[in-house]
Amino acid sequence: MSGAPTHESRRPTDHGAAARTAHLVGETAARTARLARGALLRRLVLVLALTAWQLGARAHGSVYFPPPARIARHAYDLWFSGPVGHAFLTPAAVDTILPSLGRMAAGFVLAAVVGVGLGILVGRSPRAYALCDPVLQFARALPPPTLVPVFVVVFDFGTPMQLASIVFSAIWPVLINTAEGARDTDPLRLDVAAVLRLTAVERLWFLLLPSALPRIFAGLRLSLSLCLILMVFSELLPGTANGIGFALTDAQSRSDLLTVWAVLVLLGALGYLLNTGLLAIEKRLTGKRSHERRSKGSHKSSRTESRKGRST
Amino acid sequence: MLRLDSLSQHYGDQPVLHDLSLTVPDGQLLCVVGPSGCGKSTLLRTVAGLLPAREGTITIDDTPVTGVPDRLAVVFQDYGRSLLPWLTVRDNVALPLRRQGLRRAERRAEADRILDRVGLTGAARRHPGQLSGGMQQRVAIARALVCRPSLLLMDEPFGSLDAQTREDLEDLLLEVHRTDRTTIVFVTHDIDESVYVGDRVVVLTPGPGAKVALDLPVELPCPRDQIGTRGLPEFVALRTRVGRAVRTPGRAQV
């Protein structure tokens, strides 16, 4: 993951320093080796799986199971061999990947904003929470793709139906997690906010959102993967003229198995990249309090504990 | 002047405070002592307007307390939870200044000034979690002082600190009180601390239904110092009386 630190800037100024530097260089080398070994180990399973896939597919020689190297080559030719000015994207990629990503991003942002907003409202009112909890649990229990036929009827074919499918599936994890995060706000901190007479907006911004943030991100990660699923699924239906899902059905109808595999690999890579991006944002937002530690004065926290006890 | 008039408070069906009357003149540092669970914190939360009084009234300068009063500040025991860990020390301290309509630069300057005063020069840009317990409680005290409160409530503020840090913060509190003459209600279960810090010590009876068991003026010379004051015969006599009242409240009525 992270590159090994270098100590090039250290210049020996005298004999002792030279010895220290030599020692440091030795240590650095050892650390580099350790890090490289760690990185290799983490990827070892992936590398082994790819190798096995490659060897197996080549040995078998079936047109239905092309080896990964051919799939990668095909994906490159299909989407990523475009001109520099288009960020190496081919016209096919512009037609396939960008509309899908656009719909997914719009759906995700909408689900996130509405989900966090409603989640805070529901979480901060015990009555609203009690009233909404059964509904939320029910809505969450529905397998999201099963809602798509309903949206096909309610909305127009194409983008409105696709957006609705994405939003209505992805909103629940954010909403439920945000509500629980907001509900678990430390009661002492709510007292502090009352004593400082923070306005409702200040309370939201300085207390409720930051303390619910870890839960919000747990919900967002779930939502993101749902967005990807629903994005593809809604594009599989008629009324779609572009997008990754359309490319998949199109290739399937032409029995172009190589493209089908390329789309699958593309989807996996997209999911991985998007999740990595979300994790990076989360780390940036919550990293500041990585030093947070439990305080010693614990015997006053009985109220929190009793609340926690009820919620679990 | 803070005035409690036959105040009663319940927690569910359980009486916590019963018919408690108390007057705290301006500028007094009153220590409230009592066995744990006797309702000291409930008393403080009621005065802070966080809990409505079940019976009786609380007035500050003849204005009844209905919500959180103006120019009131509270320091809680659990500094780790009372500070906001996602804000820097400076932003924590400057938070109460937002409602005064100060500009950002003014808020920061004011926060830095108070941080200097509590001995935290240079810690402004760190986060609370990076500081020791004593330093975190100093941040909480700075946040309480930044609005120049006329009434400061402290709920066992030094209860979870080690002895040396606690003594340092007791002296910081005395210095703040000597210069600002803020009215302070200081809740503690530490008998020595109450006599050392207080102008006056009030002992509550053990619950349920706590009331005043002992009301004692502390006439020790000021400024106080940790070694000298604690060695005075008057100090020992006072701590003995308070200690007896805490242990056997029935016989120590004054």
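Everything numeric here is computed off the predicted structure, so don't read it as measured data. (Residues numbered from 1 in each chain as written. Chains lettered and ligands numbered in written order. Predicted model: local features only at pLDDT ≥ 70, side-chain atom pairs only at ≥ 80, totals over all residues. Heavy atoms only, no water.)

Section: the overall build of chain A
And then number 1: Per the secondary structure count, chain A includes 11 helices and zero strands.
And then number 2: In sequence order, the secondary structure elements of chain A are arranged as α-α-α-α-α-α-α-α-α-α-α.
And then number 3: Looking at chain A as a whole, 38% of its 312 residues are labelled buried.
And then number 4: Pairs at least 24 residues apart make up 69% of the contacts formed inside chain A by residues separated by at least 6 positions. (Helix = DSSP H or I, 4+ residues; strand = E, 2+ residues; numbered from the N terminus. Buried < 20%, exposed > 50% of the residue type's maximum accessible area, 1.4 Å probe, protein only. Contact = heavy atoms within 4.5 Å.)

Quick look at helix H1 (residues 40–47) of chain B
Residues and elements named next belong to chain B.
And then number 1: Counting buried residues in H1 gives eight out of eight residues, a clear majority hidden from the surface.
And then number 2: Taken as a whole, H1 has its buried residues at Lys40, Ser41, Thr42, Leu43, Leu44, Arg45, Thr46 and Val47.
And then number 3: Trailing H1 by a residue or two, Gly49 shows a phi angle of about 80°, which is positive.

Topic: the pattern of salt bridges
All names here are of chain B.
And then number 1: Summed over all chains, the structure comprises 23 salt bridges over all chains.
And then number 2: A salt bridge links Arg166 to Asp190; its shortest N-O distance comes to 2.9 Å. Within this pair, whereas Arg166 is found in helix H6 (residues 163–180), its partner Asp190 is found in the loop between strand E8 (183–188) and helix H7 (191–197), the two being separated by 24 residues in sequence.
And then number 3: The residue Glu170 makes a salt bridge to Arg230 at a minimum N-O spacing of 3.0 Å. Pair noted here: Glu170 is in helix H6 and Arg230 is in helix H8 (residues 226–231), with a separation of 60 residues, a long-range link. (Salt bridge = Lys/Arg side-chain N within 4 Å of Asp/Glu carboxyl O.)

What about unusual backbone geometry?
Glycine aside, residues mostly have negative phi angles, and peptide bonds mostly take the trans form.
And then number 1: Here the residue pair Cys222(B) and Pro223(B) is connected by a cis peptide bond, since its omega of -5° sits within 30 degrees of zero.
And then number 2: By secondary structure assignment, the location of Pro223(B) is in the loop between strand E10 (212–217) and H8.
And then number 3: A positive phi is found at Ser255(A), a non-glycine position, where the angle reads about 55°.
And then number 4: Residue classification places Ser255(A) among the exposed positions, given a relative accessible area of 57%.
And then number 5: Although it is not a glycine, Asp19(B) adopts a positive phi angle of roughly 50°.
And then number 6: Note on placement: Asp19(B) falls in strand E2 (residues 14–24).
And then number 7: Its relative accessible area of 43% is what places Asp19(B) among the partly exposed residues.

With respect to the confidence of the model for chain A
Residue and element names in this part refer to chain A.
And then number 1: Per-residue confidence for chain A averages 84 on the pLDDT scale, and 86% of its residues sit at or above 70.
And then number 2: Low pLDDT, under 50, characterises residues 1–13; the predicted model gives this stretch 16 contacts beyond four residues in sequence or across chains.
And then number 3: Every residue in residues 290–312 is under pLDDT 50, and counting partners more than four places away or in other chains gives 35 contacts. (pLDDT = per-residue confidence, 0-100.)

Comments concerning the state of the cysteines
And then number 1: One pass over the full model with this rule turns up zero disulfides over all chains.
And then number 2: Its sulfur unpaired, Cys222(B) is 12 Å from the next cysteine sulfur, which belongs to Cys31(B). (Disulfide = S-S within 2.5 Å.)

Quick look at the packing of aromatic side chains
All names here are of chain B.
And then number 1: Summed over the entire model, instances satisfying the criterion amount to six aromatic pairs over all chains.
And then number 2: Judged by centre distance (5.7 Å) and plane angle (55°), the ring pair of Phe158 and Phe186 falls under tilted. With Phe158 in the loop between strand E7 (151–155) and H6 and Phe186 in strand E8, the pair connects residues that are 28 residues apart, well separated along the chain. Comparing Phe158 with Phe186, the two get one shared label, buried. (Phe/Tyr/Trp six-rings, centres within 6.5 Å; stacked < 30°, edge-to-face > 60°.)

Here we look at the packing of helix H3 (residues 91–124) of chain A against helix H4 (residues 126–141) of chain A
Residue and element names in this part refer to chain A.
And then number 1: Viewed as axis vectors pointing N to C, H3 and H4 meet at an angle of 110°, and their least axial separation amounts to 5 Å. Between H3 and H4, the angle is such that the two are roughly perpendicular. Contacts from Val122, Gly123 and Arg124 in H3 reach Pro126, Ala128, Tyr129 and Cys132 in H4.
And then number 2: Here the residues of the contact of H3 with H4 are counted per class, giving five nonpolar, one polar and one charged. (Axes fitted to C-alpha atoms, helices over the stretch in contact; angles between N-to-C directions. Parallel < 35°, antiparallel > 145°, perpendicular 65-115°, else oblique. Nonpolar A, V, L, I, M, F, W, Y, C, P; charged D, E, K, R; others polar.)

Section: helix H9 (residues 233–247) of chain B
Given 3.6 residues to a turn, an α-helix orients residues that are three or four positions apart in the same direction.
Residue and element names in this part refer to chain B.
And then number 1: Between its first and last C-alpha atoms H9 spans 21 Å; for 15 residues at 1.5 Å apiece the expected length is 21 Å, and the two agree.
And then number 2: Turning to H9, its buried residues are Phe235, Leu238, Val242, Gly243, Ala245 and Val246. Angular distribution of buried residues about the axis of H9 spans 160°; they occupy a single face of the element. More than 90 degrees from the buried face of H9, the exposed residues found are Pro233, Arg244 and Arg247.
And then number 3: In this structure, the buried residues of H9 make contact with strand E3 (29–33), H7, strand E9 (200–204), E10 and H8. (Expected span 1.5 Å × (residues − 1). Arc of directions from axis to C-beta.)

Brief notes about the sheet that holds E2(B)
Residue and element names in this part refer to chain B.
And then number 1: The four strands are arranged E2-E1-E4-E5 in an open sheet whose pairing can be described as antiparallel. The sheet is open, and its two borders are formed by E2 and strand E5 (63–64), each paired with just one other strand.
And then number 2: Relative to E2, strand E1 (residues 2–11) is paired through seven bridges, and the arrangement is antiparallel. Its bridge partner being in E2, His10 is matched across the sheet by Pro15. (Pairing = 2+ DSSP bridges.)

Description of the sheet that holds E3(B)
All names here are of chain B.
And then number 1: Reading across from one edge, E6-E7-E8-E3-E9-E10 is the order of the six strands in this open sheet, with mixed pairing throughout. Where the open sheet ends on each side, the last strands, each with one partner, are strand E6 (72–75) and E10. Going from strand to strand, the sheet's axes swing by 15° on average, the running direction of each strand aside.
And then number 2: Looking at chain direction, E3 and E8 are connected through five bridges and run parallel. Opposite Cys31, over in E8, you have Phe186 as the bridge partner.
And then number 3: Helix-sheet contacts for H9 involve E3, E9 and E10, and the interaxial angle to E10 is about 170°.

Comments concerning the pairing of strand E4 (residues 55–60) of chain B
All names here are of chain B.
And then number 1: The pairing of E1 with E4 spans five bridges and is classified as antiparallel. Across the sheet, the residue bridging to Ser8 is Glu55, located in E4.
And then number 2: Relative to E5, E4 is paired through two bridges, and the arrangement is antiparallel. Bridge assignment links Thr59 to a residue of E5, and that residue is Pro64.

Overview of the side chain of His177(B)
All names here are of chain B.
And then number 1: Its place among the elements puts His177 in helix H6.
And then number 2: For His177, a relative accessible area of 4% translates into the label buried.
And then number 3: Beyond its immediate chain neighbours, meaning those up to four positions away, His177 contacts Gly27, Gln28, Leu29, Thr182, Ile184 and Asp199.

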